[in-house]
Amino acid sequence: MTQSTQDYPGERLGLPREGTGSIGRLGRRVGALFVDYGAAYLISGFFGWDPLAILAIFAAIQIVFLPTLQGSPGHRIFGLRLVRVDGAWVGLWRPVIRTALLVLAIPAVIWDADQRGLHDKAAGTVLIRS
């Protein structure tokens, strides 16, 4: 029988158990997703609530705000920020990769022991509490 090498999500990444800098938990991430998707839905009213417009606006929100504010409006409202695994700025290409995979939805619902979705793993990012 093998035992887990970590006691809490984010320990392998050197993150604290709780508080500032700890892994952003599922509730906060889902809340942030609802805020961002809701904003995209409302803005898409100018385009007749076209489903592709909703998706494109959601992607634009992510790609614009992740590198500039270290998180989307939903992330910031729920006290989250996006950083590289080493804690540095995410840069410009990581948000594009992350968002492209997030729009596919499948990578976002599959995560590891650190509660990082496949979209975050592929982009080398992690959502932490701010």
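Under an unreviewed UniProt entry, the chain has the name RDD family protein and belongs to Microbacterium psychrotolerans. What the UniProt record of the chain gives under Subcellular location (unreviewed entry) is the line "Cell membrane".

> Help me out: how do you make sense of the overall build of the chain in this one?
For the chain, the helix and strand inventory stands at five helices and two strands. Going from N to C terminus, the chain has its helices and strands arranged as α-α-α-β-α-α-β. Taken against the 2.2 N^0.38 rule, which gives 14 Å for 130 residues, the C-alpha radius of gyration of the chain at 15 Å falls within 12% of a compact globule. Along the three orthogonal principal directions, the C-alpha set of the chain runs to about 55 × 30 × 25 Å. Across the 130 residues that make up the chain, the buried fraction comes to 40%. Within the chain, residue pairs in contact and separated by at least 24 positions form 60% of the contacts whose partners lie at least 6 positions apart. Within the structure as shown, the chain displays about 7300 Å² of accessible surface, and the carbon and sulfur contribution to it stands at 67%. Positive and negative side-chain charges of the chain, numbering 13 and 9 respectively, have mean locations separated by a distance of 3 Å.

> Looking at this structure, how should I read the packing of helix α1 (residues 26–43) against helix α2 (residues 51–69)?
The relative placement of two packed helices is expressed as an angle between their axes plus a distance between the axes. Contact geometry for α1 and α2: axes closest at 8 Å, N-to-C directions at 125°. Comparing the axis directions of α1 and α2 gives the class oblique. For α1 against α2, the interelement crossing comes out right-handed. Each of Leu33, Asp36, Tyr37, Ala39, Ala40, Tyr41 and Ile43 in α1 lies in contact with α2, whose residues at this interface are Ile54, Ile57, Phe58, Ile61 and Gln62. When grouped by side-chain class, the residues that make up the contact of α1 with α2 number 10 nonpolar, one polar and one charged.

> So what exactly am I meant to see when it comes to the UniProt feature "domain: RDD" (unreviewed entry) in the chain here?
The positions UniProt marks with the feature "domain: RDD" (unreviewed entry) are residues 52–124. Taken as a whole, residues 52–124 contains 55% helix and 7% strand, while its terminal C-alpha atoms sit 27 Å from one another.

> Looking at this model, I keep getting lost on the pairing of strand β2 (residues 125–129). Mind explaining?
Note on strand geometry: in a regular strand, side chains alternate between the two faces of the sheet. β2 sits mainly inside the fold: four of its five residues count as buried. In this structure, strand β1 (residues 80–84) lies alongside β2, joined through five bridges in antiparallel fashion. Residue Val83 lies in a different strand from β2, and its bridge partner there is Val126.

> Is there a simple way to think about the UniProt feature "transmembrane region" (unreviewed entry) in the chain in this case?
Within the UniProt annotation, "transmembrane region" (unreviewed entry) is assigned to residues 53–71 and 92–111. A helix fraction of 89% and a strand fraction of 0% characterise residues 53–71, whose end C-alpha atoms lie 21 Å from each other.

> Looking at this structure, I do not really get the nonpolar core. What am I missing?
Looking at soluble globular proteins, one finds that nonpolar side chains tend to be buried together. Membership of the largest hydrophobic core is limited to six residues, which are Ala40, Ile54, Ile57, Phe58, Ile61 and Leu102. A per-element tally of this core places α2 first, with four residues. Dropping the residues within four chain positions of it, Ile61 is found in contact with Asp36, Ala39, Ala40 and Pro73.

What counts, and at which threshold
- Residues numbered from 1 in each chain as written.
- Predicted model: local features only at pLDDT ≥ 70, side-chain atom pairs only at ≥ 80, totals over all residues.
- Heavy atoms only, no water.
- UniProt positions renumbered as here; feature names shortened; annotations may be inferred.
- Helix = DSSP H or I, 4+ residues; strand = E, 2+ residues; numbered from the N terminus.
- Rg over C-alpha atoms; globule rule 2.2 N^0.38 Å.
- Buried < 20%, exposed > 50% of the residue type's maximum accessible area, 1.4 Å probe, protein only.
- Contact = heavy atoms within 4.5 Å.
- Areas by Shrake-Rupley, 256 points an atom, 1.4 Å probe, with all protein chains shown as cover.
- Lys, Arg positive; Asp, Glu negative; His and termini not counted.
- Charge placed at Lys NZ, Arg CZ, Asp CG, Glu CD.
- Axes fitted to C-alpha atoms, helices over the stretch in contact; angles between N-to-C directions.
- Parallel < 35°, antiparallel > 145°, perpendicular 65-115°, else oblique.
- Left-handed = near helix turned anticlockwise from the far one by under 90°.
- Nonpolar A, V, L, I, M, F, W, Y, C, P; charged D, E, K, R; others polar.
- Pairing = 2+ DSSP bridges.
- Core = buried A, V, L, I, M, F, W, Y, C linked by side-chain atoms within 4.5 Å.

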